[in-house]
Amino acid sequence: MKTDAMTTLEHVNAAPAQTWNWLRINERTVEVPAIANISNGADLQKYASEKIVPEFRDLLSGAGAQAGAWIDLAADTVKEVRIAAGTSQEVLLCLGENEHVARVFVQVEAGASAHICVLCFGQNLSAHNVRVLVEEGAVCHYDMLIAKNVTGRHLESFSARVEKDARLQMHQYVLGSTLSLSGTYVELVGDNAQLEQVIRYMGEGKDELDMTSTCIHYGKNTKSEIVATGVLDDEAKKVLRATIDLSRGCKGAEGSENETVVCAGKGVINKTLPVILCSEDDVAGNHGATIGSFSPEQLFYLATRGISPDEAIDLLKESLLEEAQAHLPKEAQDYIEKWSERG
Amino acid sequence: MAISKPLIDITNVTALAGEKEILHNVSLALDAGTCHVLMGPNGAGKSTLGHVIMADPEYTLSSGSIAFEGKDITDMPTYKRALAGIFLSFQAPVEVPGVPLYSFLRTICAARPELKMTARQFRKHVHELADELEMDEAYLTRDLGVGFSGGEKKKVEMLQLLLLQPKLAILDETDSGLDVDALSVVSKGIDAYRKSCDGTLLIITHNTRILERVSVDRVHVMVDGRLVDEGNASLISRIDAHGFEAYTQE
Ligand SMILES: Nc1ncnc2c1ncn2[C@@H]1O[C@H](COP(=O)(O)OP(=O)(O)O)[C@@H](O)[C@H]1O
Ligand SMILES: [Mg+2]
């Protein structure tokens with residue numbers, strides 16, 4: 001195996017409903033080290049299928065088929081977790097030190113509760129493909145953090161199927177990494193299934209952030225809420241594709257997506273593709289986006305307390321970091337503390 | 001004998017908002033440790049004066065100068081004036097989504113070397129102040145001002161006043177519309193500030209309730225962008241009874 005052989009993964013983070021290609025926002029490609037002698041991204045899928053736990057075979061990978069297959073094959077860590085009905089369990093992954101690429105399957109049985117937490121500290125390339133089945137009445141929390149000052153690249157793929165009366169809560173903190181690719185795909189198949197997804201991101205320097213979030217409503221009275229908030233500074237580049245698909249039969253469903261981004265740097269490139277697809281009458285879907293910076297009044301207020309305009313942006317960034325820290329489970333917080341102490 | 005310099009010395013300031021001249025040749029000097037009240041009818045320019053002292057970029061000076069502790073600060077930007085020890089509390093404090101109150105308080109404290117504290121001391125201090133002002137501690141983790149009532153916003157302003165202990169505090173309380181609770185918060189805050197340090201106050205208000213607990217050294221009256229009168233504390237009750245007619249009818 002030649003160590004420098006590369007594979008190009010195609011259709012990564014693709015938006016379900018594509019727009020003009022010249023906008024260069026629909027999807028992207030990414031170069032990763034080749035696995036064995038498979039140099040064609042499309043061929044990866046054939047080899048990867050045997051790695052997939054049977055119950056998860058028809059659940060798509062969040063970042064796309066090729067990216068998912070590459071992670072499945074490249075994985076140096078594999079977790080197959082079944083959380084028995086009525087019990088609860090934590091699943092914690094720390095990538096970038098001893099483990100770099102993870103393939104994870106979590107089956108949260110009826111009425112059970114799961115807390116999945118993925119922390120990424122990689123200085124090279126790290127990746128995870130997490131697939132979750134949230135069965136009837138179960139609850140799943142999924143937290144993901146790419147820590148600040150991470151200089152490596154990270155590829156996140158997350159997908160879930162949420163059954164009747166079940167709930168999925170996601171918090172993704174993309175605070176570092178020179179290139180972060182983050183693709184999530186959620187199916188609300190059962191009636192009353194719910195998704196709450198919070199995305200917080202921060203881009204500095206020449207950071208590149210590429211995110212796709214797709215939620216498909218099948219069940220009746222399903223609810224989804226995607227809220228993204230971020231700060232972009234310097235020459236950071238960001239793409240967010242957020243799609244809520246209210247498919248036929250999901251009567252009474254409600255979906256909303258909202259993004260607030262503060263662009264601080266002059267070289268920032270900020271692209272958002274918000275899409276609501278609707279094939280059902282009796283549903284509510286809405287999206288909003290606010291692009292802003294501090295208003296003159298806000299800047300003056302902060303200045304009267306001794307905060308200069310430059311420091312105002314730092315304050316926003318620090319607040320993001322603190323929120324991420326405070327939100328994560330105790331074990332993850334300890335880990336982050338240890339990591340940041342080591343510098 | 002050396003005559004001590006005033007803490008702040010505003011000399012012949014004429015200020016504009018865009019093309020419009022709002023303050024005309026205003027001069028005002030406040031000695032350290034004294035308490036002043038600025039009164040005047042609506043639209044007189046009182047808030048503008050507060051903002052000009054703080055270098056709000058909304059306003060430009062066409063003439064005049066401002067000195068603080070004997071040093072010319074006319075060209076100093078707002079945040080440096082704040083760090084030098086001037087504080088302006090807002091009538092209507094702004095909201096800053098994305099910045100929790102606690103993070104904000106820690107940042108403004110950390111910017112001042114004279115307030116150096118450990119994280120634990122800071123935490124304790126903030127909780128004590130919140131207690132003193134009867135502020136619900138749940139507000140500390142909320143985004144600054146977002147969803148706060150008028151009274152809660154006032155408490156946050158007073159909390160900062162007590163935390164920062166500025167040499168000069170300008171409290172802009174012009175408009176009525178504050179409920180009784182909020183009023184007592186402000187007067188409590190002023191009281192605690194006066195007790196905790198030898199601060200100087202410029203209170204912009206008509207509300208005698210706010211002034212109940214403070215001893216006022218000097219009262220200044222502003223009409224149409226000019227300072228037209230000045231006197232001791234008895235001027236407050238005179239204006240309370242007769243309004244500003246004596247100044248507005250010429
Ligand atoms: N930024 C501004 N642009 C235009 N006019 C202003 C501005 N700020 C204040 N003014 C005007 O200046 C006058 C004084 O306002 P202000 O200082 O708020 O008065 P006060 O606080 O005494 O009620 C008012 O006529 C007001 O409309
Ligand atoms: Mg006013």
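Residues numbered from 1 in each chain as written. Chains lettered and ligands numbered in written order. Predicted model: local features only at pLDDT ≥ 70, side-chain atom pairs only at ≥ 80, totals over all residues. Heavy atoms only, no water.

Student: Help me out: how do you make sense of the overall build of chain B in this one?
Tutor: Assigned secondary structure in chain B consists of nine helices and 12 strands. Seen through its C-alpha atoms, chain B measures out along the principal axes to roughly 55 × 45 × 40 Å. Split into buried and exposed, the 250 residues of chain B put 51% on the buried side. Charge separation in chain B, taken as the distance between the mean sites of 25 positive and 35 negative side-chain charges, equals 6 Å. (Helix = DSSP H or I, 4+ residues; strand = E, 2+ residues; numbered from the N terminus. Buried < 20%, exposed > 50% of the residue type's maximum accessible area, 1.4 Å probe, protein only. Lys, Arg positive; Asp, Glu negative; His and termini not counted. Charge placed at Lys NZ, Arg CZ, Asp CG, Glu CD.)

Student: Teacher, can you tell me more about the pairing of strand β7 (residues 125-134) of chain A here?
Tutor: Walk down a regular strand and you will see the side chains alternate between the two sheet faces. Residue and element names in this part refer to chain A. Burial analysis of β7 places 10 of its 10 residues in the buried class, the great majority of the element. By the alternation rule, side chains of β7 split into L125, A127, N129, R131 and L133 and S126, H128, V130, V132 and V134, which are all buried. Where strand β5 (residues 101-108) lies against β7, eight bridges are found, and the strand directions are parallel. The residue of β7 that forms the bridge with V108 is V134. Here 10 bridges tie β7 to strand β9 (residues 153-162), and the two strands are oriented parallel to one another. Its bridge partner lying in β9, N129 is registered against S157. (Pairing = 2+ DSSP bridges.)

Student: Is there a simple way to think about the confidence of the model for chain B in this case?
Tutor: Mean pLDDT for chain B: 91, with 96% of residues reaching 70 or above. Predicted as a complex, the structure gets a pTM of 0.81 and an ipTM equal to 0.95. (pLDDT = per-residue confidence, 0-100.)

Student: Please clarify how the packing of aromatic side chains should be interpreted in this entry.
Tutor: Here a ring pair, both rings aromatic, is described through the centre-centre distance and the interplanar angle of the planes. Residue and element names in this part refer to chain B. All told, the structure shown has eight aromatic pairs over all chains when counted by the stated rule. With a centroid separation of 5.4 Å and 65 degrees between ring planes, the pair formed by Y102 and F122 is classed as edge-to-face. With Y102 in helix α3 (residues 101-110) and F122 in helix α4 (residues 119-132), this pair connects stretches of sequence that are 20 residues apart. For the pair shown, Y102 and F122 are each scored as buried. Over the ring of Y139 we find R142; its NZ or CZ atom is 4.5 Å from the centre of that ring. (Phe/Tyr/Trp six-rings, centres within 6.5 Å; stacked < 30°, edge-to-face > 60°. Lys NZ or Arg CZ within 6 Å of the ring centre and 35° of its normal.)

Student: Help me understand helix α4 (residues 309-327) of chain A in this model?
Tutor: In an α-helix, one turn spans 3.6 residues; hence positions three or four apart end up facing the same way. If you check α4 of chain A, its first and last C-alpha atoms are 28 Å apart, about what 19 residues at 1.5 Å a residue would give, namely 27 Å. What α4 of chain A keeps buried is the set A312, I313, L315, L316, K317, S319, L320 and A324 of chain A. (Expected span 1.5 Å × (residues − 1).)

Student: Sorry, what's going on with the interface of chain B and chain A here?
Tutor: Accessible area lost during the coming together of the parts is what is often quoted as the interface size. With 32 residues of chain B at the contact, the number on the chain A side is 17 residues. Where chain B abuts chain A, roughly 1,900 Å² becomes buried across the two surfaces, and 68% of that area is made up of carbon and sulfur atoms. On the chain B side of the contact with chain A, Y79, F90 and V94 of chain B bury the most area, a combined 24% of that side's loss. Summed over the shared surface of chain B and chain A, the result is two salt bridges. Across the salt bridge formed by E322 of chain A and R106 of chain B, the nearest N and O atoms sit 2.2 Å from each other. Our count for the contact surface shared by chain B and chain A stands at nine residue pairs in polar contact (both at pLDDT 80 or more). Of all the secondary-structure elements, those providing two or more residues to the side of chain B that touches chain A are α2 (78-84), β6 (86-89), β7 (96-100), α3 and α5 (150-164) of chain B. (Contact = heavy atoms within 4.5 Å. Buried area = accessible area lost by both parts, 1.4 Å probe. Salt bridge = Lys/Arg side-chain N within 4 Å of Asp/Glu carboxyl O. Polar contact = N/O pair within 3.5 Å; in protein donor to acceptor, adjacent residues only side chain to side chain.)

Student: Just checking my understanding: could you explain unusual backbone geometry for this structure?
Tutor: In most cases, non-glycine residues show a negative phi, while peptide bonds are predominantly trans. Although it is not a glycine, N192 of chain A adopts a positive phi angle of roughly 65 degrees. In this structure, N192 of chain A sits in the loop between β11 (179-188) and β12 (194-203). Look at N192 of chain A and you get partly exposed, because its relative accessible area is 32%. Phi angles above zero are rare outside glycine, and N12 of chain B is one such case at about 50 degrees. Mapped onto the secondary structure, N12 of chain B falls in strand β1 (residues 8-17).

Student: I'm lost on the environment of K223 of chain A in this one. Help?
Tutor: Residue and element names in this part refer to chain A. Examined against the element boundaries, K223 turns out to sit in strand β14 (residues 223-232). Along the backbone, K223 and Q194 are 29 residues apart, and their C-alpha atoms lie at a distance of 4.8 Å. Among residues more than four places away in sequence, those in contact with K223 are L188, A193, Q194, L195, H217 and E254.

Student: What am I meant to see in the packing of α4 of chain A against α3 of chain B here?
Tutor: To describe two helices that pack against each other, one gives the angle between their axes and the distance between the axes. Remark: α4 of chain A packs on α3 of chain B, axes separated minimally by 10 Å, with the N-to-C direction vectors making an angle of 130 degrees. The angle between the axes of α4 of chain A and α3 of chain B places the two elements in the oblique class. Classified by chirality, the crossing of α3 of chain B by α4 of chain A is right-handed. Across from L315, E318, S319 and E322 of chain A in α4 of chain A, the residues of α3 of chain B making contact are S103, F104, R106 and T107 of chain B. Looking at the contact of α4 of chain A with α3 of chain B, its residues break down into two nonpolar, three polar and three charged. (Axes fitted to C-alpha atoms, helices over the stretch in contact; angles between N-to-C directions. Parallel < 35°, antiparallel > 145°, perpendicular 65-115°, else oblique. Left-handed = near helix turned anticlockwise from the far one by under 90°. Nonpolar A, V, L, I, M, F, W, Y, C, P; charged D, E, K, R; others polar.)

Student: How should I be thinking about the site of ligand 1 in this particular structure?
Tutor: All names here are of chain B. Neighbouring ligand 1 are 13 residues, the closest being G43, K46, S47, T48 and Y59. Take G43: an N or O atom from its main chain is 2.8 Å from an oxygen atom of ligand 1. The contact in question runs from a nitrogen atom of ligand 1 to an N or O atom on the side chain of Y59, over 2.8 Å. When the free accessible area of ligand 1 is taken as 560 Å², the share hidden by the protein chains comes to 66%. Contributions of two or more residues to the shell around ligand 1 are made by β2 (20-30) and α1 (46-53). Ranked by residue count, the leading element in the shell around ligand 1 is α1, at three residues. Here the residues of the shell around ligand 1 are counted per class, giving five nonpolar, five polar and three charged. (Near = heavy atom within 4 Å. Areas by Shrake-Rupley, 256 points an atom, 1.4 Å probe, with all protein chains shown as cover.)

Student: What is the right way to look at the sheet that holds strand β15 (residues 237-246) of chain A in this model?
Tutor: The strands making up a sheet are joined through hydrogen bonds of the backbone, oriented either antiparallel or parallel. Residue and element names in this part refer to chain A. One open sheet holds the eight strands; their spatial order is β3-β5-β7-β9-β11-β13-β15-β17, and the pairing between them is parallel. On the outer flanks of this sheet lie β3 (77-83) and β17 (269-278), each paired with one strand and no other. Each strand axis lies, on average, 5 degrees off the axis of its neighbour in the sheet, ignoring direction. Each of β5, β7 and β9 is contacted by helix α2 (residues 65-74), which is oriented at about 105 degrees to β7, the strand it contacts most.

Student: When you look at helix α1 (residues 41-48) of chain A in this model, what are you seeing that I'm missing?
Tutor: All names here are of chain A. Along α1, the positions that sit buried rather than exposed are G41, L44 and A48. Looking straight down α1, one finds its buried side chains confined to an arc of 25 degrees; they lie on one side. Buried residues along α1 sit in contact with β1 (6-12) and α2. Sitting at the head of α1, N40 places a side-chain oxygen 3.0 Å from the backbone nitrogen of A42. (Arc of directions from axis to C-beta.)

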